[in-house]
Amino acid sequence: MTDVSIVAEGLAKQYRIGARRSGADLGWGYRTLRDAVSDAVSRPFRRTRRWPQGNAESGDPGTTIWALRGVSFQIGQGEIVGIIGRNGAGKSTLLKILSRITEPTKGYVELRGRVGSLLEVGTGFHPELTGRENLYLNGAILGMRRIEIQRKFDEIVAFAGIDRFIDTAVKHYSSGMYTRLAFAIAAHLEPEILLVDEVLSVGDAQFQRKCLDKMEDVSRGGRTVLFVSHNMQAVVRLCPRSILIEDGLVLKDGPTDEVVGAYLSAGLGTSAAREWRDLPSAPQGEVARLVAVRVLDDQGQVAQAVDIRRPVVFEVEYDVLRGGHPLRTHFELRNHRGVEAFSGHDLDPAWRHRPRPAGRYRTRVTVPGNLLAEGTMFLTIGLTALEPRNHQFYLRDIVAFQVMDTIDGDSARGDFGGHMGGVVRPKLSWDNAYEPGGTAQEGQAVDQ
Amino acid sequence: MTVQARTSVKEDGRERTAQGLRDAPPPIIRIEPSRGWVALRLRELWEYRELLYFLIARDISVRYKQTALGAAWAVIQPFLTMVVFSVFFGHLAKMPSDGLPYPIFAYAGLVPWGLFANGLAQSSNSLVSNANLVKKVYFPRLVAPIAAVLGGVVDFLLAFVMLLGMMYFYGVPIGMRILFLPAFMLLALVVALGVGLWLSALNVQFRDVRYVVPFLIQLWLFSTPVAYPSTLLAERWRVLYGLNPMVSVVDGFRWALLGGRAASGPMVAASALAAVVVLVGGALYFRRMERTFADVV
């Protein structure tokens with residue numbers, strides 16, 4: 001790797017949560033009780049893990065948290081690398097260090113080239129200013145020169161599709177227009193290194209697509225892009241390489257397909273059954289409260305892995321707290337790339353359109369065997385009360401399971417050992433017609 | 001484009017093409033933990049002058065949005081204060097005013113005072129009010145308090161035009177001394193920024209600053225000869241009094257515009273020295289605390 005763009009060596013970041021960091025450094029570590037209480041509520045890094053050695057080292061047990069614990073990697077010039085991991089794994093902290101917003105506690109980073117970071121679209125937008133004024137301000141904040149902004153002004157406005165409103169205060173914009181303008185500015189940044197954090201989670205699908213295309217163009221221009229996202233589809237599409245961060249460490253670094261697969265199938269947090277024993281904290285709406293979601297095999301047992309040939313059962317258990325509403329359970333099934341395989345909702349004739357009295361319900365749906373493709377599948381569950389329509393809960397990718405294909409030869413795979421694509425793998429009926437001697441004789445026309 | 005240019009530089013390290021010169025090899029930025037006191041990095045600050053400009057432009061154009069009187073507030077505030085001072089201090093308390101009509105005496109003090117007080121208030125709050133920027137993008141953090149102080153200059157100019165009008169009304173001639181005015185204005189900005197740097201860095205850690213600032217400005221107003229002349233103090237205390245740099249600013253303004261007794265050299269020197277010490281100390285302290293801003297603010 002001769003043209004290295006980013007080198008990170010042993011990056012670690014410690015947050016002090018007991019005493020505020022520099023206050024403690026200066027010996028002003030005392031704080032009032034009220035501070036401590038408000039801290040506990042507002043600290044942004046509550047979900048990060050502790051690093052026991054770190055606590056011993058600082059001699060201040062229980063008050064420090066290591067968001068990163070020694071992250072090293074090298075990224076070549078022009079590479080597009082996805083950074084994935086759970087919430088609180090340390091992705092955002094890593095990006096904050098790379099974009100120089102905060103300093104590492106240990107280790108170092110070397111960046112070759114100007115860095116543009118996009119941790120949030122519309123940073124510094126002021127509602128009272130017009131689109132034009134915000135465009136200049138935001139461009140300057142993101143590190144664009146004024147001449148550069150002037151040169152790209154028309155292009156940016158056209159990209160955002162807000163020509164007519166460019167001299168209107170952005171507080172009068174719809175949220176879609178606001179987002180489009182913000183992203184259009186960001187998409188026209190041209191630093192050598194671009195850091196992007198989860199910005200594609202906003203905007204409508206069509207505009208997201210446009211932004212993805214634009215980012216692909218950017219990376220083709222030889223720029224290095226680091227892309228943090230939960231949107232596995234976007235990561236898979238944009239980044240040939242990914243780095244999986246877990247618990248402040250690099251867990252895996254390699255081709256995106258492998259890393260994304262490892263992230264999803266290692267069941268980093270997702271198992272085949274979820275139960276809420278502490279009822280008040282369970283997902284709930286005014287009418288119903290979720291108790292459990294399970295993936296079962298055809299024997300009724302919770303199944304982390306199911307045979308591709310056997311049916312699989314999704315079970316949702318919930319309490320109806322206030323009777324009198326018809327309810328509709330629905331599910332969505334996605335593969336490890338986030339591609340939706342199919343969805344469905346409760347069609348049980350016994351309860352369709354019928355108000356349900358309070359009590360506990362267990363709704364099951366059976367997916368036939370020989371339908372799903374092999375790999376990790378993620379189940380999303382929702383419950384809607386009808387008349388009036390009112391969502392009770394919606395839990396994306398709440399449980400996951402593996403679909404295992406066989407080598408027995410009686411699945412859609414047969415005895416083929418290679419790659420088969422798709423989100424479903426139905427076993428279809430194949431038929432070959434054969435006529436003995438029907439083959440065209442040598443030298444004779446086929447359609448006699 | 002950039003790739004090609006850079007490759008050509010690589011192939012022949014010494015001889016750069018015209019394109020290669022434009023796309024000079026990118027700078028290497030090293031990010032590592034800093035310890036203790038750190039350099040001010042004024043060169044980098046200069047590179048971010050456009051951001052400074054846009055932040056000032058934002059503050060100015062937003063300041064009076066959705067107000068009925070708009071920029072008139074920049075004049076109304078010192079003017080009404082002058083009226084109140086004139087009634088109570090000038091008329092009722094018969095406060096001496098160095099032989100000048102009390103209203104113009106007070107107003108000539110209030111105009112630079114407003115530049116200082118607004119700059120101080122805005123800059124001490126600048127990091128907290130720009131918290132979303134501080135947490136989301138990198139820029140030399142010094143830009144925030146500097147922009148906050150400079151944003152007050154427009155208000156100052158509006159109030160100053162009013163001052164010129166009053167001078168015309170009272171028949172005060174403009175002399176060559178007015179050329180010294182920018183120096184006193186600069187002194188006011190330096191003091192506002194110096195104190196603002198200390199307070200803005202402290203404000204990130206301790207929001208108590210929010211309550212301290214209005215109180216501080218109030219006390220400072222009474223210890224500055226805005227409503228009264230500095231001649232109330234005995235001559236031998238003047239240099240000591242000058243350690244409050246705003247004394248020289250206010251006296252200097254009156255001298256440069258209205259004439260009369262010149263501010264004493266030693267007093268102005270003491271003020272300038274105090275202002276520079278506060279500014280440099282504030283900048284160093286600010287830079288030292290800077291590394292924690294994004295984590296704490």
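Please refer to the structure placed before this passage.
The shown structure was predicted, so the numbers you read here are calculated from the model rather than taken from an experiment. (Residues numbered from 1 in each chain as written. Chains lettered and ligands numbered in written order. Predicted model: local features only at pLDDT ≥ 70, side-chain atom pairs only at ≥ 80, totals over all residues.)

Chemist: So what exactly am I meant to see when it comes to the overall build of chain A here?
Modeler: The helix and strand inventory of chain A stands at 10 helices and 18 strands. Taken across its 448 residues, chain A has 39% of its residues classed as buried. Taking as baseline every contact in chain A between residues at least 6 positions apart, the subset at least 24 positions apart corresponds to 70%. (Helix = DSSP H or I, 4+ residues; strand = E, 2+ residues; numbered from the N terminus. Buried ≥ 20, exposed ≤ 12 C-beta atoms within 10 Å, placed from the backbone. Contact = placed C-beta atoms within 7 Å.)

Chemist: Can you help me understand the interface of chain A and chain B in this one?
Modeler: It is common to report an interface's size as the accessible area lost on association of the parts. Facing 42 residues of chain A, the contacting portion of chain B comprises 30 residues. Taken together, the elements giving at least two residues each to the side of chain A that touches chain B come down to α1 (21-25), α4 (91-98), β4 (106-112), β5 (115-118) and α5 (131-141) of chain A. At six residues, the largest contribution of residues to the side of chain A that touches chain B is made by β4(A). Looking at the side of chain A that touches chain B residue by residue, the classes come out as 15 nonpolar, 12 polar and 15 charged. As paired strands, β4(A) and strand β1 (residues 28-31) of chain B are joined by four bridges and run antiparallel to one another. Bridge pairing links Val109(A) to Ile31(B) in β1(B). (Nonpolar A, V, L, I, M, F, W, Y, C, P; charged D, E, K, R; others polar. Pairing = 2+ DSSP bridges.)

Chemist: How should I be thinking about the packing of helix α6 (residues 146-160) of chain A against helix α7 (residues 175-187) of chain A in this particular structure?
Modeler: Between two packed helices, the angle of one axis relative to the other and the distance separating the axes together describe the packing. All names here are of chain A. Look at α6 against α7: their axes get within 8 Å of each other, and the N-to-C directions meet at 135 degrees. Between α6 and α7, the angle is such that the two are oblique. The interaxial crossing formed by α6 with α7 has right-handed handedness. Between α6 and α7, the contacting residues are Ile156, Phe159 and Ala160 on the first element and Arg180, Leu181, Ala184, Ile185 and Ala187 on the second. (Axes fitted to C-alpha atoms, helices over the stretch in contact; angles between N-to-C directions. Parallel < 35°, antiparallel > 145°, perpendicular 65-115°, else oblique. Left-handed = near helix turned anticlockwise from the far one by under 90°.)

Chemist: Any chance you could explain the nonpolar core here in plain terms?
Modeler: One recurring pattern in soluble globular proteins is that nonpolar side chains are buried together. Core analysis: the biggest nonpolar cluster contains 155 residues, and Phe227(A), Phe116(B) and Ala188(B) have the highest contact counts within it. The element contributing the most residues to this core is helix α11 (residues 181-205) of chain B, with 15 residues. Membership of the second largest hydrophobic core comes to 32 residues, among which are Ala288(A), Val293(A), Val320(A) and Leu333(A). (Core = buried A, V, L, I, M, F, W, Y, C linked by C-beta atoms within 7 Å.)

Chemist: Explain the sheet that holds strand β7 (residues 224-228) of chain A to me, please; I cannot follow it from the model alone.
Modeler: To summarise the sheet geometry, strands pair through backbone hydrogen bonds and adopt either a parallel or an antiparallel arrangement. All names here are of chain A. Strands sit in the order β5-β6-β7-β3-β8-β9 across an open sheet of six strands; the sheet is mixed. The strands lining the two open edges of the sheet, one partner per strand, are β5 and β9 (249-255). Each strand axis lies, on average, 15 degrees off the axis of its neighbour in the sheet, ignoring direction. Across five bridges, the pairing between strand β6 (residues 193-197) and β7 is parallel. When the bridges of β7 are listed, Leu194 appears paired with Val225.

Chemist: What should I look at first to understand the packing of α5(A) against helix α4 (residues 49-63) of chain B in this one?
Modeler: Two elements in contact, α5(A) and α4(B), have axes separated by 9 Å at closest approach and are oriented at 145 degrees. You can see that α5(A) and α4(B) cross each other, and the crossing is left-handed. Taking contact as the criterion, the partners of Glu133(A), Tyr136(A), Leu137(A), Ala140(A) and Ile141(A) in α5(A) are, on α4(B), Glu50(B), Leu51(B), Phe54(B), Arg58(B) and Ser61(B). Considering only residue class, the contact of α5(A) with α4(B) consists of six nonpolar, one polar and three charged.

Chemist: How should I be thinking about the sheet that holds strand β10 (residues 273-275) of chain A in this particular structure?
Modeler: All names here are of chain A. Ordered in space as β10-β11-β13-β16, the four strands form an open sheet in which the pairing is antiparallel. Either end of the sheet is taken by a strand with one partner, and the two such strands are β10 and β16 (359-367). Each strand of the sheet is rotated relative to its neighbour by a mean of 20 degrees, with strand direction disregarded. Relative to β16, strand β13 (residues 312-320) runs antiparallel, the two being bridged by nine bridges.

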